[in-house]
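Below, each chain spelled out in residue letters.
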Amino acid sequence: MTRKVFWEDPYRATLDTRVAEVAGTDVTLEATIFFALSGGQESDRGTIGGHEVLAARKHGPEIVYTLAEGHGLIPGQSVRVAIDWERRYRLMRLHFAAEIVLELAYARLGTGTKIGAHIAADKARIDFQSAEPVTPLLPSLRESAMAVVAADAEIVSAYSDAASERRYWEIPGFARVPCGGTHLRRAREIGAIELKRKNIGKGKERIEIFVDDRPAPPPSEA
Ligand SMILES: [Zn+2]
């Protein structure tokens, strides 16, 4: 099973590892920092052994990376994995902004009202079932979310069940939530949050989440 270094250290941008298996254009790795779409968080972008990763997908506990034809990698070969760190860091900021807004929205709309979520590098969105437009909620949601950011709580990320790779994040006193995404270490890293409402059909409300522009900090050293 691939060792998920993106959980051990979500701030790594490069990793030296070895190819585990190769099946045509699909490869698996002994260890990886390259996240594959999960929990609404988009896959990373980057390279394995200098070859652009065209697709990354979860396959049970494995992560399968698709490279172009003719990549030439073989099992056991040493490779460097490199991800687009600026993009990943934005994904982590938008992901955690969405986590906080979701918890706060549950308090107003009720748990179980979420019907979808997606975290891209330009914005995140959470979709709810709600008979009423969420527009009137947004100013207070934003204010409460920014209070969490300003309080700069430490964000704990750990296994709830290591054998089955179930993970959670927790801000003690605020929430503990199951999630296998990559999480920031501290709430202040999110920065300024903006919220917008979008109607996406009868009884369906979308909250779009934006964060300010700022450069990513230097990644962790290998
Ligand atoms: Zn998460």
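Going by the structure above, here's the rest.
Digging into the environment of Ala 13
Turning to its location among the elements, Ala 13 is positioned in the loop between α1 (5-8) and β2 (14-23). Classification of Ala 13 as buried rests on a relative accessible area of 9%. Along the backbone, Ala 13 and Ser 220 are 207 residues apart, and their C-alpha atoms lie at a distance of 7.1 Å. When neighbours within four sequence positions are excluded, Ala 13 is seen to be in contact with Ile 33, Val 81, Ala 82, Ile 83, Trp 85 and Pro 219.

Side note on the side chain of Glu 205
Following the sequence through the fold, Glu 205 ends up in strand β16 (residues 204-211). At 3.0 Å, the side chain of Glu 205 and the backbone nitrogen of Val 134 are in polar contact. Not counting the four nearest positions on each side in its chain, Glu 205 is found in contact with Ile 126, Asp 127, Phe 128, Ser 130, Glu 132, Pro 133, Val 134, Arg 197, Lys 198, Asn 199 and Ile 200.

Focus: the pairing of strand β14 (residues 175-178)
Judged by which residues are buried, β14 turns out to be one-sided: Ala 175 and Val 177 face inward and are buried, whereas Arg 176 and Pro 178, on the alternate face, are not. Of the strand pairs in this sheet, strand β13 (residues 166-171) and β14 are connected by four bridges, and their pairing is antiparallel. Residue Tyr 168 lies in a different strand from β14, and its bridge partner there is Pro 178. In this antiparallel pair of consecutive strands, β13 and β14, the connection spans three residues, and Gly 173 shows a positive phi of 85 degrees.

Some points on the sheet that holds β16
Strands sit in the order β10-β11-β16-β15 across an open sheet of four strands; the sheet is antiparallel. Here the strands that pair on one side only, and so sit at the sheet edges, are β10 (114-119) and β15 (193-199). Averaged over all adjacent pairs, the angle separating strand axes in this sheet is 15 degrees, with direction ignored. Pairing geometry for strand β11 (residues 124-129) and β16, over six bridges, is antiparallel. Pairing of Gln 129 across the sheet is with Lys 204, part of β16.

Basis of the calculations
Residues numbered from 1 in each chain as written. Predicted model: local features only at pLDDT ≥ 70, side-chain atom pairs only at ≥ 80, totals over all residues. Heavy atoms only, no water. Helix = DSSP H or I, 4+ residues; strand = E, 2+ residues; numbered from the N terminus. Buried < 20%, exposed > 50% of the residue type's maximum accessible area, 1.4 Å probe, protein only. Contact = heavy atoms within 4.5 Å. Polar contact = N/O pair within 3.5 Å; in protein donor to acceptor, adjacent residues only side chain to side chain. Pairing = 2+ DSSP bridges. Axes fitted to C-alpha atoms, helices over the stretch in contact; angles between N-to-C directions.

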